[in-house]
Amino acid sequence: TANIDDFQYLGWPTVDNGFDEVGNDLPSGTYNMYLKQFGDNKNYVTSSFGMAQEVYVPYAPKIKMIYENNSFELTWNKITIPAKYGITNPTYKIIVEGKTEDEQGQEITSRKILGTTQELKFNLTDCIQNGELTSEFTRIYVFVAGDNSKVINGKLSNSIEMKVLDETKAYVSNGEMYWNSQESATEYE
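Model, not experiment: these values are computed from the prediction.

Q: Would you mind going over the nonpolar core with me for this structure?
A: A general feature of soluble globular proteins is that nonpolar side chains tend to end up buried together. Core analysis: the largest hydrophobic core is formed by 24 residues, its most contacted members being Leu74, Trp76, Ile94, Leu114, Phe122, Leu133 and Ile140. Sorting the residues of this core by element identifies β4 (71–76), β5 (92–101), α2 (124–129) and β8 (139–144) as the ones contributing at least two each. In this view, Phe122 contacts Phe72, Glu73, Leu74, Trp76, Ile94, Leu114, Gly115, Thr117 and Cys127; residues no more than four positions away in its chain are not counted.

Q: Sorry, what's going on with the pattern of salt bridges here?
A: Once the charged atoms of two side chains with opposite charge are near each other, the side chains can pair. For the structure shown, the criterion picks out three salt bridges. Here Glu54 makes a salt bridge to Lys84, at a shortest N to O gap of 3.1 Å. With Glu54 in strand β2 (residues 53–57) and Lys84 in the loop between β4 and β5, the pair connects residues that are 30 residues apart, well separated along the chain. Accessibility expressed as a relative area gives 22% for Glu54, which makes it partly exposed. Salt-bridge contacts for Arg111 lead to Glu97; the nearest nitrogen and oxygen are separated by 2.9 Å. Of this pair, Arg111 sits in strand β6 (residues 107–117) while Glu97 sits in strand β5, placing them 14 residues apart in sequence. Here Arg111 falls in the partly exposed class, since its relative accessible area comes to 48%. Residue Glu97 is classed as buried on the basis of its relative accessible area of 8%.

Q: What should I look at first to understand the sheet that holds strand β9 (residues 160–161) in this one?
A: Strands in a sheet are paired, the pairing made by backbone hydrogen bonds, and the direction either parallel or antiparallel. Strand order in this open sheet of four strands is β6-β5-β8-β9, and the pairing throughout is antiparallel. What marks the edges here is a single partner per strand, and that holds for β6 and β9. Relative to β8, β5 is paired through six bridges, and the arrangement is antiparallel. Paired with Tyr92 across the bridge in β8 is Val144.

Q: Looking at this structure, how should I read the packing of aromatic side chains?
A: To describe a pair of aromatic rings, you give the distance between the ring centres and the angle between the ring planes. What the rule picks out here adds up to three aromatic pairs. The ring of Tyr141 carries Arg111 above its face, with NZ or CZ at 5.3 Å from the centroid.

Q: What should I look at first to understand the sheet that holds strand β3 (residues 63–68) in this one?
A: A sheet is described by the order of its strands in space; here three strands give the open sequence β3-β4-β7, paired in antiparallel fashion. Single-partner strands in this sheet number two, and they are β3 and β7 (121–123). Averaged over all adjacent pairs, the angle separating strand axes in this sheet is 25 degrees, with direction ignored. Where β4 meets β7, three bridges bridge the pair, whose relative direction is antiparallel.

Q: Sorry, what's going on with a nonpolar patch on the surface here?
A: Judged by side-chain polarity, Met65, Tyr67 and Phe72 come together as a nonpolar surface patch covering roughly 280 Å² of accessible area. Topologically, Met65 is positioned in strand β3. Of the residues examined, Met65 reaches a relative accessible area of 30% and is grouped as partly exposed.

Q: What should I look at first to understand the environment of Pro90 in this one?
A: Residue position: Pro90 is located in the loop between β4 and β5. Each C-alpha atom of the pair Pro90 and Glu119 lies 8.8 Å from the other, and the pair is 29 residues apart in sequence. Aside from chain neighbours lying at most four places away, what touches Pro90 is Lys78, Ile79, Ile81, Thr117, Gln118 and Val144.

Q: Is there a simple way to explain the side chain of Thr75 in this structure?
A: Looking at where Thr75 falls in the secondary structure, it is placed in strand β4. Look at Thr75 and you get buried, because its relative accessible area is 15%. For Thr75, the contacting residues outside a window of four places in its chain are Lys62, Ile63, Lys64, Ile66, Leu120 and Lys121.

Definitions and limits used
- The written sequence of each chain sets the order in which its residues are numbered from 1.
- Residues qualify for local features only when their pLDDT is at least 70, as the model is predicted, and side-chain atom pairs are given and counted only at 80 or more; totals for whole chains, interfaces and linings, by contrast, use all residues.
- Just so you know, side-chain values use all the structure's heavy atoms and leave hydrogens and water out.
- Put simply, a nonpolar core is a bunch of buried Ala, Val, Leu, Ile, Met, Phe, Trp, Tyr and Cys residues held in one set by side-chain atoms that sit within 4.5 Å of each other.
- Partly exposed residues are those whose accessible area sits between 20% and 50% of the maximum for their type, while under 20% is buried and over 50% is exposed, using a 1.4 Å probe and protein chains only.
- In this description a helix means any DSSP run of H or I spanning at least four residues, a strand means any run of E spanning at least two, and both kinds are numbered starting from the N terminus.
- By the convention used here, residues are in contact when the closest approach between their heavy atoms is within 4.5 Å.
- A pairing counts as a salt bridge when a side-chain nitrogen of Lys or Arg comes within 4 Å of a carboxyl oxygen of Asp or Glu.
- Whether two strands pair comes down to DSSP finding at least two bridges between them.
- Each Phe, Tyr or Trp ring, with Trp reduced to its six-membered ring, pairs with another whose centre is within 6.5 Å; inter-plane angles below 30 degrees give stacked pairs, above 60 give edge-to-face pairs, and intermediate values give tilted ones.
- A positively charged side chain is recorded as over a ring if its NZ (Lys) or CZ (Arg) lies within 6 Å of the ring centre. The angle to the ring normal must also be within 35 degrees.
- Lines fitted to C-alpha atoms define the axes, with helix axes restricted to the stretch in contact, and inter-axis angles between N-to-C directions lie between 0 and 180 degrees.
- Candidates for patches are residues over 30% relative accessible area with no salt bridge; among them, like charges are joined within 9 Å and nonpolar side chains (Val, Leu, Ile, Met, Phe, Trp, Tyr) within 5 Å.
- Computed with a 1.4 Å probe, the accessible areas rest on the Shrake-Rupley method; for each residue, only the protein chains presented here act as cover.

Remember, this is a structural readout, not a statement about activity or role.
The structure is reproduced here in structure tokens:
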């Protein structure tokens, strides 16, 4: 039998690319993927389906946010990938999502990868302090990263709603300090 690693990637589709196109709405588990190429029905004839290529969709982690030692951390459960795929310590990607409006007032959803780790936790406070995590992002997810071979990107975890407060702007006038308070703030330091 042929191994997916034996094929040379010359363009669309790669395993991840193919699932990005069709959407990864599959339940977690093992699947056989069959591909065929479509001709233009004039000069090129549509091929038959090729050999099955096995792919694995990892399960979604369950995430929670904890606050201890003056730090916000995102934590999750370990996802086990079957041994035959050779991944004993999967890589997790942390995604943040936010909604903004364009110039015409249309809502736009934006996502970005906040970080990658093989640990079962991720420090959000560091990301806030270095400006990577700002008030425009209000949801956070985690997923198992695929290996670009037989394991594709996993299912998204549950989401956690959050709001990073805007930075406070302080000023001094007549020897007294003032700042722009925010409704959601519970105290100031």
